[in-house]
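# Summary of the model geometry
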Amino acid sequence: MRSRISCITAIAWYSFIEALRNRLFLGVFLLALPFAAAAWTIDVYQLGFQTRLVSDAGLTVISTLGLLVVLFFSLDQIIPDIEKRTVYFIFTRMPSRHTYMIGRFFGIVTTLLCLHVFLAGLLVMIIKLRTGAWFNEIPIAGLIIFLKQSLLVSIVMLLASCTSKIITVSISVLIYVVGHGLDIFRMLAEQGGNSIIAFLLDIAGLILPDFSLYETRIMVMHEIPAQTSALLILAFYTLTAIFFYLAIGGAILKHRDL
Amino acid sequence: MSTQPQKSLTSSARLSVLSALMLLAMALSAQHLMKSRYWEYYYPEVQVANFADIVLQTIPGQIKSFVAGVLRITADEYMHIGPTKKAKQNFVAGSFAGNTEIMSLLELSVILEPTNTDMYAVMSHNLALYLNRFDDAIKLLHRGIQANKNAPDLHKLYGAAAYCYGFAKKPSFAAPAEVKKYREIAVNYLDAAIKSYLANEHRMSPYMHDDFANLQNYYVMQSRFLADVGRKSEALAAWQKVSEARQISFLGHYFTMLQQEEIAMPDFPDHLLTAAYQALFQVSTIRPPYSVPAAYRFWLTDPASLYYLAIYARGFGAPSLLAEDCHEHRSSELNQCGHDHSTAQHEHVTHDPHLQQPVQPDHVCGPGCEHDHHHESTHASGAAHEHEHDPECPHCASAKSWKQAGIPVMIQAFLMLATTIIIRRFI
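It should be emphasised that the depicted structure is a prediction, and the values quoted were computed from it without experimental measurement. One numbering rule holds for all chains: residues counted from 1, following each sequence as written. All chains are assigned letters beginning at A, and all ligands numbers beginning at 1, according to the order in which they are written. In keeping with the predicted nature of the model, local features appear solely for residues at pLDDT of at least 70, side-chain atom pairs appear and are counted solely at 80 or more, and the whole-chain, interface and lining totals rest on all residues. Computation of side-chain values: all heavy atoms of the structure, hydrogens and water removed.

Here we take up the overall build of chain B. Helix and strand counts for chain B come out as 17 helices and two strands. Per-residue burial over chain B gives 42% buried out of 427 residues. Runs of E in the DSSP output that reach at least two residues are strands. Runs of H or I that reach at least four are helices, and both are numbered from the N terminus. Exposure categories follow from relative accessible area, calculated using a 1.4 Å probe and restricted to protein chains: below 20% of the type maximum is buried, above 50% is exposed, and the middle band is partly exposed.

Next comes the structure, spelled out in structure tokens:
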């Protein structure tokens, strides 16, 4: 168990360092600066600082940049290792292929965490400096977005373990979109009287993640505090879903003829 | 031996590159010549005044229109939400008046889609009448007029300018000379609006009808402003064009007095409205809580906080509108928990042995009620109610959101956990 944890930690650490050294990550970080400056430049009529607009746009930016990190960096974890054959060397030092996958996952999640802490902190500080008030909803929304994107990382890892880059990106985006509107699709199927599609969507609802649970906009826009119990359930749901997808990914990688 | 063909190859490559560059330069020159010579055809309704405008021209119109639409919807959402609770903002939910949050979004919207005349009107009214930026409002309208010179609803922009000039200075707060000066300019804009309306009437489709920017309103405003600036006969002539139904008003009363040559005529029709202004101030009778349309989406938040969301979701939050949505509670009295307890359907009994006296059937529950109901508590208001109504009762949606969303989430989570264990154990 101890050696397994040390292996996971080592892989996660090197994945994190690898991501930090990537110029793309620096670019993503630097993108935040013009967006931060936009809080000032967008004020065309000199009407003063617009709190709601800045917090809303800021969270959208955080979510978008996080999504870029998830898609680009998760892809750079498993597929290049397999293509460059470095994965053979890693597997000789690993207790199992599951360990490798979990290590890679935690590497990306740590990178994502750094990004979210930096961006959410920047947003909170900008608003605090301009309005003098702490907007506690923003760090909580940042946490919820982080949970959502961690779940997406696990899905990308699962797909990366069995398909090529282009298919991984396409299916990940599809799952992301469908995951946000599965209940709406189901409702439309039911309203259209198509019970078979509704049933199939019910089944899909058990396997696919429900990203609509991570809705933060209402909470932030209306400044309504999130319930702690709901956040705990959300964290539990995210963890189980992550383990589920990583377990499937690990099992596929285990049986894959490399 | 091999140097000769190599040289000729290099020179022919140079010639090709030079020819390509020359052709490119000629194409660009021709393009710019055409654009500058026939600019009215090339940029029929769009101002191209600076580098940013040229860059915008490179983006497809559909994309710009889509983004502009999203920005307008977001601005509308901000308008309904209102000010933040933590920072001081001088506007209220449900009105564009004085709302500063929407202005940047609408500005971007008109930059992307300069042909949307309605946005100019909203922005200019807000800037001129509520945000103390009259000059900016007029500049914006002029920009809009330039960008929509040939549009059939150009009259809306002239009408908006007339409204800004007409009501920026009011007789109650400004000197009469200043009011008259502004209203004279407003009359000019109204003339332009009416002229534009009549010229383009045949081009207007039914969906272009505007409740505010229409010919009848222009005549009403024209007659009123003409009266204000002292051109009484012209005002009466304009008033004759107003439909009879619209003539029944305070302004109509003023013009009747004018026709009868009353001695005690006020300088401005506004002075007739003093009593009406006082009657406008009313106290809101909205009582919480109401339903939310899609409880599932709001499961992260406390149901007790959803009252504001309900108002936002239902638009203006008028109790009559909210009651209409609920078939269970139509035309009934709502109490503080949002339900009608005045009917005999709810049976009230006491569980406390010390309070054995029965509760009257017509009793209306309040937060101070000491009795309990037959049904369980789900409301966060503390009034311990559950409903034997239709299970789809929208008033219960906020209270049920937790159960609705939480249980499937937990079931899915446990299923995934079980599958994970099975995979790890056996695969």
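As a further point, take the overall build of chain A. For chain A, the count of helices and strands is ten helices and zero strands. Its helices and strands in sequence order give chain A the pattern α-α-α-α-α-α-α-α-α-α, from N to C terminus. Here chain A, with 258 residues, has 53% of them falling under the buried criterion. Taking the contacts inside chain A whose residues are at least 6 apart along the sequence as the reference set, 82% of them involve residues at least 24 apart. Working rule for contacts: check all heavy atoms of both residues, and any pair within 4.5 Å makes them a contact.

At the junction of the two partners, chain A supplies 59 residues and chain B supplies 49 residues. By buried area we mean how much accessible surface two parts lose on assembly, using a 1.4 Å probe and totalling the loss over both. Taken together, the two surfaces of chain A and chain B that pack against each other cover about 4900 Å², and 65% of this comes from carbon and sulfur. Take a side-chain nitrogen of Lys or Arg and a carboxyl oxygen of Asp or Glu: if they are within 4 Å of each other, that pair is a salt bridge. Across the chain A-chain B interface, the total number found is two salt bridges. One salt bridge in this structure joins A:Arg217 and B:Glu77, with 2.2 Å as the shortest N-O distance. We define a polar contact as two N or O atoms separated by no more than 3.5 Å, with the added condition that, inside protein, one atom must be a possible hydrogen donor and the other a possible acceptor, whereas residues neighbouring each other in sequence contribute only through side-chain atom pairs. Remark: the boundary between chain A and chain B carries 21 residue pairs in polar contact (both at pLDDT 80 or more). Listing elements by their share of the side of chain A that touches chain B, those giving two or more residues are helix H3 (51-83), helix H5 (97-131), helix H6 (137-160), helix H7 (165-191), helix H8 (195-207), helix H9 (217-221) and helix H10 (228-255) of chain A.

Attention now goes to the pattern of salt bridges. Where charged atoms of side chains with opposite charge meet at close range, the side chains can pair. All names here are of chain A. A complete count under the given rule lists 18 salt bridges over all chains for this structure. Measuring nitrogen to oxygen at the nearest pair gives 3.9 Å for the salt bridge that ties Glu18 to Arg104. You can see Glu18 sitting in helix H1 (residues 2-21) and its partner Arg104 sitting in helix H5, a full 86 residues away along the chain. Residue class for Arg104 comes out buried when judged on its relative accessible area of 6%. Salt-bridge contacts for Asp202 lead to Arg186; the nearest nitrogen and oxygen are separated by 2.4 Å. Of the two residues, Asp202 is situated in helix H8 and Arg186 in helix H7; the sequence distance between them amounts to 16 residues. Asp202 gets classed as partly exposed once you look at its relative accessible area, which sits at 35%. Residue classification places Arg186 among the partly exposed residues on the basis of a relative accessible area of 23%.

This brings us to the packing of helix H10 (residues 215-228) of chain B against helix H11 (residues 232-239) of chain B. Residues and elements named next belong to chain B. Axis geometry follows a simple rule: fit a line to the C-alpha atoms, using only the stretch in contact for helices, then measure angles between N-to-C directions, giving values from 0 to 180 degrees. Where H10 meets H11, the closest approach of the two axes is 8 Å, and the angle between their N-to-C directions is 165°. The angle between H10 and H11 places the two elements in the roughly antiparallel class. When you trace H10 past H11, the crossing you get is left-handed. Contacts from Tyr219, Val220, Gln222, Ser223, Leu226 and Ala227 of H10 reach H11 at Lys232, Glu234, Ala235, Ala238 and Trp239. When the residues that make up the contact of H10 with H11 are grouped by side-chain class, the tally is seven nonpolar, two polar and two charged. Small angles under 35 degrees read as roughly parallel and large ones over 145 as roughly antiparallel, with 65 to 115 read as roughly perpendicular and the rest as oblique. Should the near helix be turned anticlockwise from the far one by less than a right angle, the crossing is left-handed, and should it be turned clockwise, the crossing is right-handed. Polarity classes work like this: nonpolar for Ala, Val, Leu, Ile, Met, Phe, Trp, Tyr, Cys and Pro, charged for Asp, Glu, Lys and Arg, and polar for all others, with Gly in that last group.

All names here are of chain A. Definition used in this section: a nonpolar core is a set of buried Ala, Val, Leu, Ile, Met, Phe, Trp, Tyr and Cys residues joined via side-chain atoms within 4.5 Å. Tyr100 and Tyr214 are the most contacted members of the largest nonpolar core, which totals 144 residues. The element contributing the most residues to this core is H6, with 15 residues. If you look at the next biggest cluster of nonpolar residues, it comprises five residues, including Val178, Leu182, Ala198 and Leu201.

Right, let's talk about H11(B) for a bit. Residue and element names in this part refer to chain B. Buried within H11 we find Ala235, Leu236, Ala238 and Trp239. All buried residues of H11 fall inside an arc of 160° around its axis, so they share one side. Where H11 is buried, its residues meet H10, helix H12 (244-247) and helix H13 (250-259). What the arc describes is the spread of directions from the helix axis to the C-beta atoms.

Next up on the list: the environment of A:Leu143. Residues and elements named next belong to chain A. Note on placement: Leu143 falls in helix H6. For Leu143, a relative accessible area of 42% puts it in the partly exposed group. Each C-alpha atom of the pair Leu143 and Ala120 lies 9.1 Å from the other, and the pair is 23 residues apart in sequence.

So, on to helix H8 (residues 155-168) of chain B. Residues and elements named next belong to chain B. Taking 1.5 Å as the rise per residue, H8 with 14 residues should run 20 Å; its terminal C-alpha atoms sit 19 Å apart, in good agreement. Of all the residues in H8, the buried ones are His155, Lys156, Leu157, Tyr158, Gly159, Ala160, Ala161, Ala162, Cys164, Tyr165, Gly166 and Phe167. Lining the buried residues of H8 we find helix H6 (117-130), helix H7 (134-147), helix H9 (176-200) and H10. A helix's residues, less one, multiplied by 1.5 Å, set its expected span.

Positioned with a positive phi, A:Arg85 is a non-glycine residue whose angle comes to about 70°. Looking at where A:Arg85 falls in the secondary structure, it is placed in the loop between H3 and helix H4 (86-92). Residue class for A:Arg85 comes out partly exposed when judged on its relative accessible area of 48%. If you check the backbone angles, B:Asn132 has positive phi at about 60° while not being a glycine. Along the chain, B:Asn132 turns up in the loop between H6 and H7.

Residues and elements named next belong to chain A. With respect to the element layout, Ser161 can be found in the loop between H6 and H7. A residue is classified by how much of its surface remains accessible, and Ser161, at 0% relative accessible area, is buried. Aside from chain neighbours lying at most four places away, what touches Ser161 is Ile78, Met101, Gly249, Ile252, Leu253 and Arg256.

Okay, the packing of helix H5 (residues 101-112) of chain B against H6(B) next. All names here are of chain B. Where H5 meets H6, the axes come as close as 10 Å, and the angle between the chain directions of the two elements is 145°. Like other packed secondary-structure pairs, H5 and H6 cross with a definite hand, here left-handed. Side by side, H5 and H6 meet where Ile102, Met103, Leu106, Glu107, Ser109 and Val110 of the first sit next to Met119, Tyr120, Val122, Met123, Asn126 and Leu127 of the second.

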